[in-house]
Amino acid sequence: MANIELTDLRKTFGKGERAVHAVDGINLTIGDGEFVSMVGRSGSGKTTTLDCLGLLMRPTSGKIVIDGTDTSTLSDGKRADFRSHKIGFIFQGFNLLPSLNAIDNVMLPLRYSGGDKKAARLRAQDLFEEIGMSDRMTHRPTQLSGGEQQRVAIARALINQPTLVLGDEPTGEVDTETSQKLIALMRRLNRETGVTFILVTHDLDLASRTDRLVRLKDGRVISDERQTARTDAPADDIADLVSATGAKDGKGEPVPVA
Amino acid sequence: MEILRNLWRRKLRNILTISGIAIGIMAFTTMGSMAEKNNKLIDGGVKYFSDHIAVSDSTSGFGGGGGGLIDVSKVARVQAVDGVLAAFATAGAAAKADSGFSFGVPDEIAGAAPGEGNYENFKLSAKTGVLPTDIPDGQVVLGSDIAKEFGKSVGDTIDLPQAPKTPRADFVNHSFKVIGVLNKTLTAPDNFAFVSLHDGQVALGDALPPAVRSQVDTSKLISGIDVYGKPGVNLDNLAKKINTEVPGVKAQPPTEVVNAFKSFSLIFSAITLGAALLALIVGGLSVVNTMLMSVTERYREIGLKKAVGAKTRHIIKEFLTESVVIGLIGGSIGLLLGFIITSTINASTASQNLDLFLLTPSLAGTALAFAVVLGGLAGVIPAFSAARLDPVTALRSQ
């Protein structure tokens, strides 16, 4: 659904000798409906790239074009509008509002994008069916397990029928079994809806199940491979991913394999 | 609902903050009610006293207080001054022999000459019975407060002045038949027992020390003269003219009376409302503190909202609404407490004729609006600081 072009994307924090080039000239094109993972050790620039892609952060230079819109020219207000209509977010910590029940959390983005509330509620109900939680719609986040909370967060990311969903470690705070279920859910939603998913992850199981694997190091793309997504890949079989990202080289943090 | 749930999530802190506002509004309401009552009295006083010149004995103080007696012949002398339309003798005494300090207007026996009502701008109206014009001897028209205080209505009899608990041997009073009860005016007439001029003179004489009492002819003594000017005549100038032309009397220029009333009103209002505003400012600062803490605690929530499309104005609106709701809840509780306090005190002091508070709808509305505005203002800084948060920083915060 979303055609994305990153052209010489750079993001520098600090100035002079203290400048840190978190993203250092990324060029990337992602086509409609792709299911992409970005991997790399801490400091590789994957999260900063995701923040720039999600229009949460302005790049220092370079261009991000999403569905033909050059987002670098948008004002803060237009960027907020763009986010609310085109982009869905899934965060590692679920980020559900404790004061709202599950369905109201899912409908939160509609508060800012407007639209027909009745139709939105019906859509939210459909999404709850999709994620298999129709009986949990009125539960509060504290009454849901971690996996359930993340499923609600996934439904929230899709409520505005975005063209792009960005996930920041979406399986980072759940156990292996739940993680696999979440991956399967996102995969299914990607196939059914055609929404483009870009997931930043340390979870190699998740990475192995994406259509495309982009590896980052020091703010640059060091490899960009299409892969046949595994549906039942055991974690051990994908350990080779680790070496490329440098996570096991003794310098970076270990990459969890489950 | 979400706002209430957010407030409920931090129960203790928000209850304390709301209590701060409630106490402030309660203080504002009670103090304001006191000022309102006082202002009504003063407004009434201004209306009541500004349409004529009050003439008293030349030794009297401001407003005729502490003065002596006037010979009734002075009425004709005053009447003869150029510019005077009519002059009426007045005579009276305290309606309660042991009347001590009174917060409002003291109860008084007011003997008035017939016909004065035709000249007064301040119009009285009868709740029951007749108006105090041409009252026959032995009869009385009671103001609303004095009637309520003594539980009298038309047809009853009342002894005036009311005897003290332990009357002196020379204490004298007389029975009067109540022929009218007036509607409330919120000023002096509410505490007047209107009698004929003759009965007023008798009461005046009865109040004199026994040694003096036997040596004077009370029918020739009065306590004051109410003077009405001809159309177009400046009453202040007329008062000065009376003072010059009629020896032994003191004519008080109405403007002096009115200004004195107004400055007292202003000082009273400033003191009472100032104290209440101080309490409110403290309440307002606690809202600022609570909301700033709320912003700090909800960084991730703000970040999330921005990520899913909330604009600066959405965040400002949400936080402002929350602080306004705090103000509204605190204000409503404070107003209710203020209402309970003022009506309880009014009810308990009604028997002493001490109606201290007047909680008007406009004061209640002002108090509530003030609480809401205070809540809103207190929320401005926190709301803007929330709206200015960088979404990435907010989302990654712990």
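Every value quoted in this text rests on a predicted model; they were computed, and no experiment measured them.

**As for the overall build of chain A**
Here comes step 1: Tallying secondary structure elements over chain A gives 9 helices and 10 strands in all.
Here comes step 2: Taken across its 258 residues, chain A has 48% of its residues classed as buried.
Here comes step 3: Long-range pairs, those at least 24 residues apart, make up 71% of the contacts in chain A with a sequence separation of at least 6.

**Quick word on the overall build of chain B**
Here comes step 1: Check the secondary structure of chain B and you find 12 helices and 12 strands.
Here comes step 2: Expected size for 398 residues packed as a compact globule is a radius of gyration near 21 Å; at 30 Å, chain B overshoots this value by more than 25%.
Here comes step 3: C-alpha extents for chain B along the principal axes are approximately 100 × 45 × 35 Å.
Here comes step 4: Taken over 398 residues, chain B has a buried fraction of 45%.

**Considerations on helix α5 (residues 117-130) of chain A**
Residue and element names in this part refer to chain A.
Here comes step 1: In this model α5 runs 20 Å from its N-terminal to its C-terminal C-alpha over 14 residues, within 8% of the 20 Å that 1.5 Å per residue would give.
Here comes step 2: Among the residues making up α5, those that are buried are Arg123, Ala124, Leu127 and Phe128. Down the axis of α5, the smallest arc covering the buried residues is 145°, so these residues share one side. Away from the buried face of α5 by more than 90 degrees, exposed residues Lys118, Ala119, Leu122 and Glu129 are located.

**Topic: the sheet that holds strand β7 (residues 164-168) of chain A**
Within a beta sheet, neighbouring strands are joined by backbone hydrogen bonds and run either parallel or antiparallel to one another.
All names here are of chain A.
Here comes step 1: Taking strand neighbours across the sheet as the criterion, the 6 strands line up as β6-β7-β8-β3-β9-β10 in an open arrangement whose pairing is mixed. Where the open sheet ends on each side, the last strands, each with one partner, are β6 (87-90) and β10 (220-226). Strand after strand, the sheet turns through a mean of 20° between neighbouring axes, direction not considered.
Here comes step 2: For β6 and β7, the ladder comprises 4 bridges, and the chain directions are parallel. When the bridges of β7 are listed, Ile87 appears paired with Leu164.

**Focus on the interface of chain B and chain A**
Here comes step 1: Counting residues at the interface gives 16 residues for chain B, matched by 20 residues for chain A.
Here comes step 2: Looking at the side of chain B that touches chain A, the elements that each hand over two or more residues are α1 (2-9), α9 (299-307) and α12 (391-396) of chain B.
Here comes step 3: Across the side of chain B that touches chain A, the residue classes break down as 7 nonpolar, 3 polar and 6 charged.

**Thoughts on the nonpolar core**
Considering soluble globular proteins, one finds that nonpolar side chains tend to be buried as a cluster.
Here comes step 1: Core analysis: the largest hydrophobic core is formed by 108 residues, its most contacted members being Val106(A), Ala155(A), Leu158(A) and Ile198(A).
Here comes step 2: Residue contributions to this core peak at 10 residues, all from helix α2 (residues 11-50) of chain B.
Here comes step 3: Setting aside anything within four residues of it in sequence, one finds Leu158(A) in contact with Gly88(A), Leu127(A), Val165(A), Leu189(A) and Val195(A).

**Digging into the packing of α1(B) against helix α10 (residues 312-349) of chain B**
Residue and element names in this part refer to chain B.
Here comes step 1: Two elements in contact, α1 and α10, have axes whose closest approach is 10 Å; the angle formed by their N-to-C orientations is 70°. With respect to their mutual orientation, α1 and α10 come out roughly perpendicular. On α10, the residues touching Ile3, Asn6 and Leu7 of α1 are Thr321, Glu322, Val325 and Ile326.
Here comes step 2: Residues of the contact of α1 with α10, tallied by class, amount to 4 nonpolar, 2 polar and 1 charged.

**Overview of the sheet that holds strand β2 (residues 20-30) of chain A**
Residues and elements named next belong to chain A.
Here comes step 1: Here we have 4 strands laid out as an open sheet, ordered β2-β1-β4-β5, and antiparallel in their pairing. Each edge of the sheet is formed by a strand with only one pairing partner; in this case those strands are β2 and β5 (69-70).
Here comes step 2: Pairing of strand β4 (residues 61-66) with β5, which is carried by 2 bridges, proceeds in the antiparallel orientation. Each residue of the ladder has a partner; that of Ile66, found in β5, is Thr69.
Here comes step 3: Those strands touched by helix α1 (residues 46-53) are β1 (4-13), β2 and β4, and its axis lies near 60° from that of β2.

**Let's talk about the pairing of β2(A)**
One face of the sheet, then the other: side chains in a regular strand alternate in exactly this way.
Residue and element names in this part refer to chain A.
Here comes step 1: The sheet contact formed by β1 and β2 spans 8 bridges and is antiparallel. Along β2, the bridge assignment pairs Ile4 with Ile30.
Here comes step 2: Counting the residues that bridge the hairpin from β1 to β2 gives 6 residues, and of these Gly14 lies at a positive phi of roughly 80°.

**Here's the deal with unusual backbone geometry**
Here comes step 1: The step from Leu160(B) to Pro161(B) runs through a cis peptide bond, and the omega angle for that step is -10°.
Here comes step 2: Tracing the backbone through its elements, the reader meets Pro161(B) in the loop between β7 (157-160) and β8 (174-182).
Here comes step 3: Even without a glycine there, the phi angle at Gln161(A) is positive, about 50°.
Here comes step 4: Along the polypeptide, Gln161(A) turns up in the loop between α6 (146-158) and β7.
Here comes step 5: In this structure, Glu169(A) takes a positive phi of about 50° despite not being glycine.
Here comes step 6: For Glu169(A), a count of 19 C-beta atoms within 10 Å corresponds to the partly exposed category.

**Looking at α9(B)**
Here comes step 1: Burial analysis of α9(B) places 7 of its 9 residues in the buried class, which makes it a mostly covered element.
Here comes step 2: Of the residues making up α9(B), those classed as buried are Glu301(B), Ile302(B), Gly303(B), Leu304(B), Lys305(B), Lys306(B) and Ala307(B).
Here comes step 3: Lining the buried residues of α9(B) we find α2 (76-86) and β6 of chain A together with α10, α11 (361-387) and α12 of chain B.

**Focus: the packing of α2(B) against α11(B)**
Residues and elements named next belong to chain B.
Here comes step 1: Viewed as axis vectors pointing N to C, α2 and α11 meet at an angle of 150°, and their least axial separation amounts to 10 Å. In terms of orientation, α2 lies roughly antiparallel with respect to α11. Two packed elements cross with a definite hand, and for α2 against α11 that hand is right-handed. Touching Ile21, Ile25, Phe28, Thr29, Gly32, Ser33 and Glu36 of α2 are Leu363, Ala367, Phe370 and Ala371, all from α11.

Thresholds, definitions, all that
Residues numbered from 1 in each chain as written. Chains lettered and ligands numbered in written order. Predicted model: local features only at pLDDT ≥ 70, side-chain atom pairs only at ≥ 80, totals over all residues. Helix = DSSP H or I, 4+ residues; strand = E, 2+ residues; numbered from the N terminus. Buried ≥ 20, exposed ≤ 12 C-beta atoms within 10 Å, placed from the backbone. Contact = placed C-beta atoms within 7 Å. Rg over C-alpha atoms; globule rule 2.2 N^0.38 Å. Expected span 1.5 Å × (residues − 1). Arc of directions from axis to C-beta. Pairing = 2+ DSSP bridges. Axes fitted to C-alpha atoms, helices over the stretch in contact; angles between N-to-C directions. Nonpolar A, V, L, I, M, F, W, Y, C, P; charged D, E, K, R; others polar. Core = buried A, V, L, I, M, F, W, Y, C linked by C-beta atoms within 7 Å. Parallel < 35°, antiparallel > 145°, perpendicular 65-115°, else oblique. Left-handed = near helix turned anticlockwise from the far one by under 90°.

Function cannot be read off these values alone, since they describe shape.
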